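# Fold and geometry: a report
Below are the chains, spelled out letter by letter.
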Amino acid sequence: MRFPALDERLPLPEARRVLRGWRRTRPFWAGLFLVLGGLELLVVPLSPLTILVSLGLGGIAAIGIGLALVAAGLFLWFLPHTRHYVSINALILSVLSFAATNLGGFLVGMALGITGSAMGFGWTPKEEATRVPNVRTQRTLAAALPLALLLTLGGQHVEQAPQPGSVTAPAVPPTVTTTRFSPNGFLLAGVTTVPTAHGPLKAMVLKMNSASLTDYRLNTRDGHDELALGARSLDLSGHVTLYLTKFSGCLEGLLCITFDPNTLPVPPIVPPFVFMTDVTAEQALVTSDSIVANGLTLGAS
């Protein structure tokens, strides 16, 4: 809602017009709520309240989660197309702050974070064509903002999507299922192509330090001499890289989402405590320094 009479009295009308146009092309208020929630979580453990005798783990967690929420708000402002992934991660951090910090900044920071996450996830852009942002600026933000979140959460630096090398993937990727997928140091590196006998295949690249999979099952789908590999648990460690053509599962067992290389946006940041359940994937290739299987089984049909 605009008030023409008030607009005439306020200073800098041109700057306010530009700001208004910029604000309407992104979830501005959602980002503002996340920034305010993060700042509130930062202020509480750093304030001279007499009831906070010692920061302890709660104070340290409040600083980390507060910085992450501020970075998430910046994501919504400058990279609005990442709003779904950023909002999910911000929502998880906001809820976690109740147990990990001083009751979520005495409920205020948690409430602001949850509100901003919900608004960011539900925001939709206008159907009218908007000005395309400068490519160089967008790339710079895409590299700087994920790095800020990774440093906050103890992750790795953003890297380029690695090439699979000379290894040839099967023409039809096998199907992998697991009841629980727990990555450590997770980074969605991007999209690349892997060579197969029938030509290149577009695949997502998931990089991480290590990963644990429970009730692992792999079934080939080449139409003949199909194999079924199973394990009670599968632990991958050391430069783990997964090349997947499809990936679906339920985040924290609550929100079920599906990824594929054609609709993949800028890499999201996944906190180290996040896991996925009921995972189904089409796995083209996997590389790892070490693979340890418990209860390994092998069948053929």
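Presented here is an overview of the structure given in this document. Counting starts from 1 at the beginning of each chain's written sequence and moves along it residue by residue. In view of the model being predicted, local features appear only for residues whose pLDDT reaches at least 70, and side-chain atom pairs are presented and counted only at 80 or more, with totals across whole chains, interfaces and linings using the full set of residues. Remark: hydrogens and water are excluded; side-chain values derive from all non-hydrogen atoms of the structure.

## Notes on the overall build of the protein chain
Only DSSP runs of H or I covering at least 4 residues are called helices, and only runs of E covering at least 2 are called strands; the numbering of each starts at the N terminus. Regarding its fold elements, the protein chain presents eight helices and eight strands. Within the span of the protein chain, comprising 301 residues, buried residues form 40% of the whole. The contact criterion used throughout is that any non-hydrogen atoms of two residues lie within 4.5 Å. Across the protein chain, the fraction of contacts at a sequence separation of at least 24, relative to all contacts at a separation of at least 6, is 77%. As displayed, the protein chain has an accessible area near 16,200 Å², and 64% of this comes from carbon and sulfur atoms. For the exposure calls, accessible area comes from a 1.4 Å probe over protein chains only, and a residue counts as buried if that area is under 20% of its type's maximum, exposed if over 50%, partly exposed in between. Computed by Shrake-Rupley with a 1.4 Å probe, the accessible areas treat only the displayed protein chains as cover when residues are assessed.

## Here we look at the side chain of Ser248
Within the secondary structure, Ser248 sits in strand β4 (residues 227-251). For Ser248, a relative accessible area of 17% corresponds to the buried category. When sequence neighbours within four positions are dropped, the list of residues in contact with Ser248 reads Ile257, Thr258, Asp278, Val279 and Thr280.

## Focus on the packing of helix α5 (residues 83-100) against helix α7 (residues 108-122)
Inter-axis angles, ranging from 0 to 180 degrees, are taken between N-to-C directions of lines fitted to C-alpha atoms, where helices are fitted over the stretch in contact. It is the contact of α5 with α7, at a shortest axis distance of 8 Å, that shows an interaxial angle of 160°. The orientation of α5 relative to α7 falls into the category roughly antiparallel. When the axes of α5 and α7 are compared, the crossing they make is left-handed. Judged by residue contacts, Arg83, His84, Ser87, Ile88, Ala90, Leu91, Ser94, Val95, Ser97 and Phe98 of α5 engage Met110, Gly113, Ile114, Ser117, Gly120 and Phe121 from α7. Three categories are distinguished: nonpolar for Ala, Val, Leu, Ile, Met, Phe, Trp, Tyr, Cys and Pro, charged for Asp, Glu, Lys and Arg, and polar for the others, with Gly belonging to the last. Of the residues that constitute the contact of α5 with α7, the class distribution is eight nonpolar, seven polar and one charged. Angular relationships are summarised with four words: roughly parallel below 35 degrees, roughly antiparallel beyond 145, roughly perpendicular across 65 to 115, and oblique for the angles in between. By convention, the crossing between two helices is left-handed when the near helix turns anticlockwise from the far helix through less than a right angle, and right-handed when the turn is clockwise.

## Overview of the pairing of strand β3 (residues 201-219)
Sheet analysis places strand β1 (residues 175-184) next to β3, joined by eight bridges and oriented antiparallel. Counted as the bridge partner of Thr175 is Asn219 from β3. Whether two strands pair depends on DSSP finding at least two bridges between them. Of the pairings in the sheet, the one linking β3 to β4 comprises 14 bridges and is antiparallel in character. Residue pairing across strands places Met204 opposite Leu244, the latter belonging to β4.

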